[in-house]
Amino acid sequence: MLNTIYKDAIEKRSKTLLNIKGPNFDQILERARTNWIEYKPSKKLIPIAGIDSSFNSAKFQGLELWVVTAISIKSNCEILADLHDQDVGRVNIALSSIATKMEVEACKMSIDKTDLVLIDGSLYSQFMTRQKELSHPIIKIISRNNNVIFVSKTSNTRIQFSEFQSNASDIFYYNHATTKPGFSKIFVDDKFGRNKSISSVFARLSEYTPIIKIEFLGNNYSEREVKETLNKLYKNSIGGYPYVLKLAHQKCKISNNDLSKLVRLYGLSNEIGSREVLE
């Protein structure tokens, strides 16, 4: 079966790549190059915290063993917030919403203890959550010291090149159009309302490293402020990505192996039907 699939993929490769790039690929790349501002960051050493969350679950005879964690950590491994929750039963709320709420709490516990707070992910996910009440605390927290930004390695937004019928996300085209360090022109999205404006840039901290997306709350940011942000991230980054976010991911991740250990701790492995939990 796999050999047939591989053969089919080889035969469809060229057509598939054309579909991904879209009909106006060259025009989009030219626009992306025009939008790109070359800038080599300088090292600025400041205290930075990274925030990330994780969740995992396993179904068990109509119930569910679930775990949610969130952490805020500095580059020297000092933990500013270590949050978690777990249970066996029916979950009345999406685990992603619980994780989002924990990230907000971790951010609240961190903003007065460091110069810059990085949250892994996107402001879009904060504003698009089904629990609308979660977006109000994050706005209040971010606005207090104006030292919180969202950073992500991937992005699904398809806004900047939509006029060219782009098929892939914006970050795909910037990655193909540029290799130099720098950032794209500031893009402001007001679709969530005036008090929820999102200003974003795609940035590369070092030559040939992958692009990251940086999001700020508000619509009055200047190129000078973006450059200052890149200076702060540059010293704290490895391979073009902030080290504190790598640390946060490693510390909070709940793997399937971790879940299996919890299954045994709860004694579920001795119950009928538990095999499906461990597989």
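Please read all numbers here as calculations on a predicted model, not as lab measurements.

Draft legend 1. Local environment of unusual backbone geometry. Its identity is not glycine, yet N146 carries a phi of approximately 55°, on the positive side. Here N146 shows up in the loop between helix 5 (135-145) and strand 6 (148-152). Judged by relative accessible area, N146 falls into the exposed class, the value being 52%.

Draft legend 2. Region of the structure containing the environment of K185. Locating K185 in the fold gives a position in the loop between strand 7 (182-184) and strand 8 (187-189). Sequence separation between K185 and A32 is 153 residues; the distance between their C-alpha atoms is 9.5 Å. For K185, the residues in contact, after removing those within four places along its chain, are T34, N35, I37, S200 and V201.

Draft legend 3. Summary view of the confidence of the model for the protein chain. In this model, the protein chain carries an average pLDDT of 87, and 90% of its residues clear a pLDDT of 70 or more. In this model residues 272-279 is a low-confidence stretch, pLDDT under 50, and it forms 15 contacts with partners more than four residues away in sequence or in other chains.

Draft legend 4. A look at the environment of Y266. As for its placement among the helices and strands, Y266 is situated in the loop between helix 9 (256-265) and helix 10 (275-278). Along the chain, Y266 and D87 lie 179 residues apart, while their C-alpha atoms are 9.9 Å from each other. Apart from the residues within four sequence positions on either side, Y266 is in contact with L65, Q86 and V88. A polar contact of 3.1 Å, which involves the side chain of Y266, links it to the side chain of Q86.

Draft legend 5. Up close: the pattern of salt bridges. Summed over all chains, the structure comprises 8 salt bridges. The partner of E163 in a salt bridge is R31, and the shortest N-O contact between them spans 3.1 Å. With E163 in the loop between strand 6 and helix 6 (170-177) and R31 in helix 2 (residues 25-35), this residue pair connects regions lying 132 residues apart in the sequence. Residue class for E163 comes out exposed when judged on its relative accessible area of 52%. A salt bridge links E207 to K180; the nearest nitrogen and oxygen atoms lie 3.1 Å apart.

Draft legend 6. Structural view of the side chain of S169. By secondary structure assignment, the location of S169 is in the loop between strand 6 and helix 6. Among the polar contacts made by the side chain of S169, one reaches the main-chain carbonyl oxygen of S155 at a distance of 3.0 Å. Dropping the residues within four chain positions of it, S169 is found in contact with S155, N156, T157 and R158.

Conventions adopted
- Residues numbered from 1 in each chain as written.
- Predicted model: local features only at pLDDT ≥ 70, side-chain atom pairs only at ≥ 80, totals over all residues.
- Heavy atoms only, no water.
- Helix = DSSP H or I, 4+ residues; strand = E, 2+ residues; numbered from the N terminus.
- Buried < 20%, exposed > 50% of the residue type's maximum accessible area, 1.4 Å probe, protein only.
- Contact = heavy atoms within 4.5 Å.
- pLDDT = per-residue confidence, 0-100.
- Polar contact = N/O pair within 3.5 Å; in protein donor to acceptor, adjacent residues only side chain to side chain.
- Salt bridge = Lys/Arg side-chain N within 4 Å of Asp/Glu carboxyl O.

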